[in-house]
Amino acid sequence: MNITDVIVRLIAKEGKMKAVASITIDDVFVVHDIKIIEGSNGLFIAMPSRKAQDGEYHDIVHPINQETRVYLQNLILEKYQKEISE
């Protein structure tokens, strides 16, 4: 899997959610609405999700393994840091 583009849109309001990102995979598949959140241990990403009938939120898309999650998070947070420094 090759992430060919990362777009970060900063959020203007105060709160824990700092930005929303989109990634393009292999120039053919896009995932929107990846949230960048400030947690008690620093920034992390939350994959797109929706609220189920039971009130729980479930990811719509997500990495299958921890290695891929770390790879995505590092790419997205690197782009976020570039955006806030400009």
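Residues numbered from 1 in each chain as written. Predicted model: local features only at pLDDT ≥ 70, side-chain atom pairs only at ≥ 80, totals over all residues. Heavy atoms only, no water.

J.: Give me the lowdown on the overall build of the chain, citing residues and values where you can.
T.: Scanning the chain for helices and strands turns up 1 helix and 6 strands. When the helices and strands of the chain are placed in sequence order, the string is β-β-β-β-β-β-α. Here the chain has a C-alpha radius of gyration of 13 Å; the compact-globule value for 86 residues is 12 Å, and the two agree. Projected onto its principal axes, the C-alpha coordinates of the chain cover approximately 40 × 35 × 20 Å. In the chain, buried positions account for 26% of the 86 residues. Taking all contacts inside the chain whose residues are at least 6 apart in sequence as the whole, residues at least 24 apart take part in 29%. Surface accessibility of the chain: about 6100 Å² in total, with carbon and sulfur atoms responsible for 50%. Of the side-chain charges in the chain, 10 are positive and 13 negative, and the distance between the mean point of each set is 6 Å. (Helix = DSSP H or I, 4+ residues; strand = E, 2+ residues; numbered from the N terminus. Rg over C-alpha atoms; globule rule 2.2 N^0.38 Å. Buried < 20%, exposed > 50% of the residue type's maximum accessible area, 1.4 Å probe, protein only. Contact = heavy atoms within 4.5 Å. Areas by Shrake-Rupley, 256 points an atom, 1.4 Å probe, with all protein chains shown as cover. Lys, Arg positive; Asp, Glu negative; His and termini not counted. Charge placed at Lys NZ, Arg CZ, Asp CG, Glu CD.)

J.: Outline the sheet that holds strand 2 (residues 17–25), supporting the account with residue identities and numerical values.
T.: Across the sheet, which stays open at both edges, the 4 strands sit in the order 1-2-3-4 with antiparallel pairing between neighbours. In the strand order of this sheet, the two ends are held by strand 1 (3–10) and strand 4 (42–46), each with one partner. Between one strand axis and the next, the sheet turns by 25 degrees as a mean value, whatever way the strands run. Two elements, strand 3 (residues 29–39) and strand 4, share 5 bridges in a ladder whose sense is antiparallel. When the sheet's bridge partners are listed, Ile36 is paired in strand 4 with Ile45. The sheet contacts of helix 1 (residues 66–85) involve strand 1, strand 2, strand 3 and strand 4, and relative to strand 1 the element is tilted by about 50 degrees. (Pairing = 2+ DSSP bridges. Axes fitted to C-alpha atoms, helices over the stretch in contact; angles between N-to-C directions.)

J.: Describe the pairing of strand 3, naming the residues involved and giving the relevant values.
T.: Alignment of strand 2 against strand 3, held across 7 bridges, turns out to be antiparallel. Paired with Ala19 across the two strands is Ile36, which belongs to strand 3. Linking strand 2 back to strand 3 in an antiparallel pair, the connection comprises 3 residues, with Asp26 at a positive phi of about 50 degrees. Here strand 3 hands over to strand 4 after 2 residues, the two strands then running antiparallel side by side.

J.: Mind laying out the environment of His32, listing which residues take part and the relevant values?
T.: Along the chain, His32 falls in strand 3. Not counting chain neighbours up to four residues away, the residues in contact with His32 comprise Ala21, Ser22 and Pro48.

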